[in-house]
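Analysis of the macromolecular model
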Amino acid sequence: MQHDKILILDFGSQVTQLIARRVRETHVYCEVHPCDVSSEWVRAFAADGKLKGVILSGSHASVYEVDDRAPDAVFELGIPVLGICYGMQTMATQLGGKVEGSNSREFGYAEVRAHGHTALLQGIEDFATAEGHGMLKVWMSHGDKVTALPPGFKVMASTPSCPIAGMADESRHFYAVQFHPEVTHTVQGAAILGRFVREICGANADWIMGDYIEEAVARIREQVGDEEVILGLSGGVDSSVAAALIHRAIGDQLTCVFVDHGLLRLHEGDMVMDMFEGKLHAKVVRVDASELFLRELAGVSEPEQKRKIIGRLFVDVFKAEAAKLKASGQGHKGATFLAQGTIYPDVIESGGAKSKKAVTIKSHHNVGGLPEQLGLKLLEPLRDLFKDEVRELGVALGLPREMVYRHPFPGPGLGVRILGEVKKEYADLLRRADAIFIEELRNFTDEATGKTWYDLTSQAFTVFLPVKSVGVMGDGRTYDYVVALRAVQTSDFMTADWAELPYALLKKVSSRIINEVRGINRVTYDVSSKPPATIEWE
C-alpha cells in the first residue's frame, strides 16, 4: 500500500479508535498497533519511507504503576511524535521529565490556555481572554500530571490545576497534550490533529475511497487468482459492501450465501436479492432457514443464550451450503476462500484483547474460527476500513445510499429486539411496527437542518415487549401487546443520547402502529441515554 501513513500506538485507551478515525478524516492513512511492539518492529514499519508521524494514545493506567512505554525507536526515527494524555506522560518520563499523581484530578470539560505560539496550536483557539490569551475548550480525563519538563521542551498549554497541560520540543517536532483532541467534546480537536498530521508531519491526503477501489480490486485479484470465493451475505452494510467490492474484482468467481433466519426486517430478504442478484448480477444462494431458527429458539428467553443459538445455527447452515456448493462443483472446484465483512474496529479490538492493553468490550463473530472449520482461506477486503469509510466505499461502488447508510442492525436481528422468548407471531408484529417507525422517520424533515429525522438519528428501531395491556378500540376492549420506540444520537456509539423526536412525529408513528398493526395497542418511547442504558435492549 503506497500511502503516507501515521502509526498510532495504543496504550489501552477506550477512545484510541477515535484518534484513528480523526486521522482518516483528514484523508491520511493510519494504523493502530499495541504499544508493546518492539523497536525493531517500528523500524521495519518505517522502512518504506511512508511513515510520517507517530501518535501515542491515552490509557486507563498510571506511568508509575505499569511498564508500558513507547519503543525507543519512536523517538529515534527523526519524525514528529504527538503524545495524548498517558502518551504525554510516557513521553515525559522516557525523555527525562517527571510525572506525579495529582491532588486535583481533571475529568470532563476544561479550558486550556495556549502558550508559546507553537506550530501545533498557532492560530487555533475557541476564544481569547481579556488579556489576549488564546483559550481552548477541551476534554480532560487524568489523575496524574507532568511536573517537570524533559530537557529541550517548553510549556505549550496550561490550566490552573495542571500547569503543564501541553509541552513541545519544536526542534525535534515532539508535541504532547494532557487533554483528548480525539473526542468531540474538544471543540478544536479535529483542527489540532489535522495540523499535526497534514502540516507538521507533511502527510499526503491520498486516502480517498473513490480512488481506493482500484487498489482494493487489484489486491483481491492478486490474492484470489482464478480460485473461488464464498461469502455469507447478511444484508448488513459490511457484508454488502464486501460482496460488491469482491464482485467488482472477480465477478462469477464469487458465490454469496444469504441465510434468512426469519428475524430480518420487513421485505429485507427480497431487497437483498433484488440488489445483488437483480442489479449486480452476482451469484446468490438464498436459504430460508426461518423454521429451523425459530424452532431452536422456542422457550429460550436469556439474551446471551439467544445470541449463541443464532450464531451457532448460522454457522451450521452456512457450512452445509458451502458443502453443497463444493459437492456440486458450482463454479469450478468449489470455494477455496471464505470472504468476511471484517472491518478495522473488529481488528483493533481483537488485537487489543490479545495484547491485554485494552479492556475487551465484546467479541466479534467476524474474527472467529469459521475459516478453519470450513478448511478455507480467509478474504477480508474491508479490514483496513472504518464504518464511515465502508459506507463511502459502498456509494462509490454504486450501492444505493439508502442501503449503505442504513442504521446498524444486530447480527441476531429481531431475535434481540424481541424481549424474552422469540415467536413467529412476535417477529411478524415487530417487523410491521418497525417498518412504520422507520418510514415516518424518513418522512419527517427537521426545519432547522433540512434533514430527515432518519438522518438525524444514529440508530432507531422498535422493541417488542412480551406483555399485554388493556386498551379501547371503537366500543370494544382490547388486550394486546406493547412496543417501545428507541432512537439515539451519537458520534461514536460509546455514549449516546436519546433523540428528542418531535411530538408530531411520535404521535403519527403511535397512531399508525396501533391502527395498522392488529395485535399492538400501546406504544412507548424510550428516553434512556447510554450510559447507564445500552442502545439495544438486549
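Now for a quick tour of the structure. This is a predicted model, so every value here is computed, not measured.

Some details on the overall build of the chain
Regarding its fold elements, the chain presents 16 helices and 19 strands. Its C-alpha atoms give the chain a radius of gyration of 26 Å, within 12% of the compact-globule value 24 Å for 538 residues. Overall size of the chain, expressed as C-alpha extent along the three principal axes, is 75 × 65 × 40 Å. Per-residue burial for the chain yields a buried fraction of 55% across its 538 residues. Taking the contacts inside the chain whose residues are at least 6 apart along the sequence as the reference set, 75% of them involve residues at least 24 apart. Surface accessibility of the chain: about 23400 Å² in total, with carbon and sulfur atoms responsible for 50%. Each charge class in the chain was averaged separately, 59 positive and 72 negative side chains, and the resulting centres sit 3 Å apart.

Topic: unusual backbone geometry
Here the residue pair lysine 530 and proline 531 is connected by a cis peptide bond, since its omega of -15 degrees sits within 30 degrees of zero. With respect to the helices and strands, proline 531 occurs in the segment after β19 (520–525). Residue proline 532 is bonded to the preceding proline 531 through a cis peptide linkage, with omega at 10 degrees. Counting through the fold element by element, proline 532 comes out in the segment after β19. Positioned with a positive phi, histidine 173 is a non-glycine residue whose angle comes to about 60 degrees. Tracing the chain through its elements places histidine 173 in the loop between β9 (162–169) and β10 (174–177).

As for the pattern of salt bridges
For the structure shown, the criterion picks out 31 salt bridges. Measuring nitrogen to oxygen at the nearest pair gives 2.7 Å for the salt bridge that ties arginine 24 to glutamate 389. Separated by 365 residues along the polypeptide, arginine 24 in helix α1 (residues 16–25) and glutamate 389 in helix α12 (residues 387–396) bring together distant segments of the chain. Judged by its relative accessible area of 5%, arginine 24 falls in the buried class. The exposure class of glutamate 389 is buried, given its relative accessible area of 5%. The salt bridge partner of glutamate 215 is arginine 219, with a shortest N-O separation of 3.6 Å. With glutamate 215 and arginine 219 both in helix α5 (residues 209–224) and 4 residues apart, this pair spans about one turn of that helix.

Here's the deal with helix α6 (residues 237–250)
Here α6 spans 20 Å end to end across 14 residues, near enough to the 20 Å set by a 1.5 Å rise per residue. Counting buried residues along α6, 13 of its 14 residues qualify, which places the element largely inside the surrounding structure. A positive backbone phi angle near 55 degrees is found at glycine 251, which sits one or two residues after α6.

Concerning the packing of aromatic side chains
One pass over the structure, following the stated rule, counts 11 aromatic pairs. Ring plane angle 55 degrees and centroid distance 5.0 Å describe the contact between tryptophan 207 and tyrosine 212, whose orientation is recorded as tilted. For the pair shown, tryptophan 207 and tyrosine 212 are each scored as buried. A centroid spacing of 5.5 Å and a plane angle of 85 degrees characterise the contact between tyrosine 344 and phenylalanine 386, whose relative ring orientation is edge-to-face. Here tyrosine 344 is found in helix α10 (residues 344–355), whereas its partner phenylalanine 386 is found in the loop between β15 (377–379) and α12, with 42 residues between them in sequence. By relative accessible area, which is 6% here, tyrosine 344 ends up buried. Residue phenylalanine 386 is classed as buried on the basis of its relative accessible area, which comes to 2%. Taking NZ or CZ as reference, arginine 401 lies 4.2 Å from the ring centre of tyrosine 405, over its face.

Things to note about the packing of helix α14 (residues 424–443) against helix α16 (residues 503–516)
Relative orientation of the contacting elements α14 and α16 amounts to 150 degrees, with a least axis distance of 9 Å. Between α14 and α16, the angle falls in the class roughly antiparallel. Crossing of α14 against α16: the hand is right-handed. Here α14 contributes Arg432, Ala433, Ile436, Phe437, Glu439, Glu440 and Leu441 to the contact with α16, which in turn contributes Leu505, Lys508, Val509, Arg512, Ile513 and Glu516. Class assignment for the residues of the contact of α14 with α16 results in 7 nonpolar, no polar and 6 charged.

Details of the pairing of strand β1 (residues 5–10)
A regular strand carries its side chains on alternate faces of the sheet. Counting buried positions over the 6 residues of β1 gives 6, a clear majority of the element. Both faces of β1 are covered, namely the face carrying Lys5, Leu7 and Leu9 and the face carrying Ile6, Ile8 and Asp10. Bridge count for β1 against strand β3 (residues 51–56) is 5 bridges, and the pairing is parallel. When the sheet's bridge partners are listed, leucine 7 is paired in β3 with valine 54.

Reading guide: rules and limits
Residues numbered from 1 in each chain as written. Predicted model: local features only at pLDDT ≥ 70, side-chain atom pairs only at ≥ 80, totals over all residues. Heavy atoms only, no water. Helix = DSSP H or I, 4+ residues; strand = E, 2+ residues; numbered from the N terminus. Rg over C-alpha atoms; globule rule 2.2 N^0.38 Å. Buried < 20%, exposed > 50% of the residue type's maximum accessible area, 1.4 Å probe, protein only. Contact = heavy atoms within 4.5 Å. Areas by Shrake-Rupley, 256 points an atom, 1.4 Å probe, with all protein chains shown as cover. Lys, Arg positive; Asp, Glu negative; His and termini not counted. Charge placed at Lys NZ, Arg CZ, Asp CG, Glu CD. Salt bridge = Lys/Arg side-chain N within 4 Å of Asp/Glu carboxyl O. Expected span 1.5 Å × (residues − 1). Phe/Tyr/Trp six-rings, centres within 6.5 Å; stacked < 30°, edge-to-face > 60°. Lys NZ or Arg CZ within 6 Å of the ring centre and 35° of its normal. Axes fitted to C-alpha atoms, helices over the stretch in contact; angles between N-to-C directions. Parallel < 35°, antiparallel > 145°, perpendicular 65-115°, else oblique. Left-handed = near helix turned anticlockwise from the far one by under 90°. Nonpolar A, V, L, I, M, F, W, Y, C, P; charged D, E, K, R; others polar. Pairing = 2+ DSSP bridges.

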